[in-house]
Amino acid sequence: MDSADIAIIGGTASIDPGLLREARDVSVATPYGKPSDAITLGTLDGVRVAILFRHSRKHTIPPHLINHRANIDALHRLGVKRIIATAAVGSLQEDCSAGDVVIPDQFIDCSKEVHTFFGEGKFYHISMADPFCPDIRQALTGTAKRLNLRLHERGTYLRIDGPQFSTRAASKMYRQSADIIGMTCVPEAILARERQMCLAVLATVTDYDVWSDKPVSYDEIKRVMAMNIENTRKILHDTIRTLPIRGSCSCGSALEGAEA
Ligand SMILES: [Zn+2]
């Protein structure tokens, strides 16, 4: 049967699908259209894992064209309980520099889109007070510490639509209230919770956002990206081995008492 317990949504980084045992690709149809790509299913140390690249494997889908509802619904249809979303982000704070790992605990949505599975008819006002799964966050921070990586155990992720980067003025405004900036993780977090799945973000910092006015060479960006991909893989491997499929969090009952 095509199913998995834990999913990785990869941006530029994921676990290497080649490391999965009994790996196979499945195409999942949803009422919301097609996911970004086929989903790879397999096992890693006995854990049933699904891997989906949100920009597609060839990295051809820009942030504003990702069908987030199809991606999350497809993982839900495969029986996934827990999602780790990886993200390359810009830093809005001086002490959070290229190569650092951030496990955000909050987000601010500065996008112009509406993200929900609910339409006319029965709908729910789910709580987003603590938007990320505490169990997965704890597992990710524990792994990053064991690996001695430069880690920020908390942080606020600010989401813009993209595909453009921010203006200098916007970047300076954002850094008053957020720590990192990206284009993809907020719809995923909202939609996963509406489907009562756990989700947390494993973010790695590429560079300072434009507020800093510090030009970075392309060679330097490539060096950092390669390091971030390697660190992300290590954290994912170790976390998947230790993460229980169901924990003590309340993500799985997000709709209880929330019906409008
Ligand atoms: Zn959870």
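So, here is what we can say about the structure in this document.

Calculation rules
Residues numbered from 1 in each chain as written. Predicted model: local features only at pLDDT ≥ 70, side-chain atom pairs only at ≥ 80, totals over all residues. Heavy atoms only, no water. Helix = DSSP H or I, 4+ residues; strand = E, 2+ residues; numbered from the N terminus. Buried < 20%, exposed > 50% of the residue type's maximum accessible area, 1.4 Å probe, protein only. Contact = heavy atoms within 4.5 Å. Areas by Shrake-Rupley, 256 points an atom, 1.4 Å probe, with all protein chains shown as cover. Lys, Arg positive; Asp, Glu negative; His and termini not counted. Charge placed at Lys NZ, Arg CZ, Asp CG, Glu CD. Axes fitted to C-alpha atoms, helices over the stretch in contact; angles between N-to-C directions. Parallel < 35°, antiparallel > 145°, perpendicular 65-115°, else oblique. Left-handed = near helix turned anticlockwise from the far one by under 90°. Nonpolar A, V, L, I, M, F, W, Y, C, P; charged D, E, K, R; others polar. Donors = N, O, S within 2.8 Å, 3.2 Å for Na, K, Ca; no water.

**Re the overall build of the protein chain**
Reasoning step 1: Looking only at helices and strands, one finds five helices and 11 strands in the protein chain.
Reasoning step 2: Its C-alpha atoms put the protein chain at 50 × 45 × 35 Å along the principal axes.
Reasoning step 3: Burial status across the protein chain gives 54% buried among its 260 residues.
Reasoning step 4: Put simply, of all contacts in the protein chain between residues at least 6 apart along the chain, 80% involve residues at least 24 apart.
Reasoning step 5: Accessible area of the protein chain: about 12,100 Å², with a carbon and sulfur share of 50%.
Reasoning step 6: Averaging the positions of the 31 positive and the 31 negative side-chain charges in the protein chain gives two centres separated by 2 Å.

**Digging into the packing of helix 1 (residues 68-77) against helix 4 (residues 185-194)**
Reasoning step 1: It is the contact of helix 1 with helix 4, at a shortest axis distance of 9 Å, that shows an interaxial angle of 45 degrees. What the angle tells us is that helix 1 and helix 4 run oblique. Considering only the axes of helix 1 and helix 4, their crossing is right-handed. Residues His 68, Arg 69 and Ile 72 of helix 1 pack against Pro 187, Glu 188, Leu 191 and Ala 192 of helix 4.
Reasoning step 2: Class assignment of the residues belonging to the contact of helix 1 with helix 4 gives a composition of four nonpolar, one polar and two charged.

**A look at the coordination of the zinc ion**
Reasoning step 1: At the metal site, the zinc ion is ligated by Cys 133 (SG), Cys 198 (SG), Cys 249 (SG) and Cys 251 (SG), and these contacts range over 2.3 Å.
Reasoning step 2: Mapped onto the polypeptide sequence, the residues donating to the zinc ion form the spacing pattern C-x64-C-x50-C-x1-C.

**With respect to unusual backbone geometry**
Reasoning step 1: That bond from Gly 162 to Pro 163 is cis: its omega, 0 degrees, falls within 30 degrees of zero.
Reasoning step 2: Here Pro 163 lies in the loop between strand 9 (156-159) and helix 3 (168-174).
Reasoning step 3: One non-glycine residue, Ser 56, lies in the positive phi region at around 75 degrees.
Reasoning step 4: Inspection of the secondary structure assignment puts Ser 56 in the loop between strand 4 (47-53) and helix 1.
Reasoning step 5: The phi dihedral of Asn 148 is positive, around 60 degrees, even though this residue is not glycine.
Reasoning step 6: Mapped onto the elements of the fold, Asn 148 is located in the loop between helix 2 (134-146) and strand 8 (151-152).

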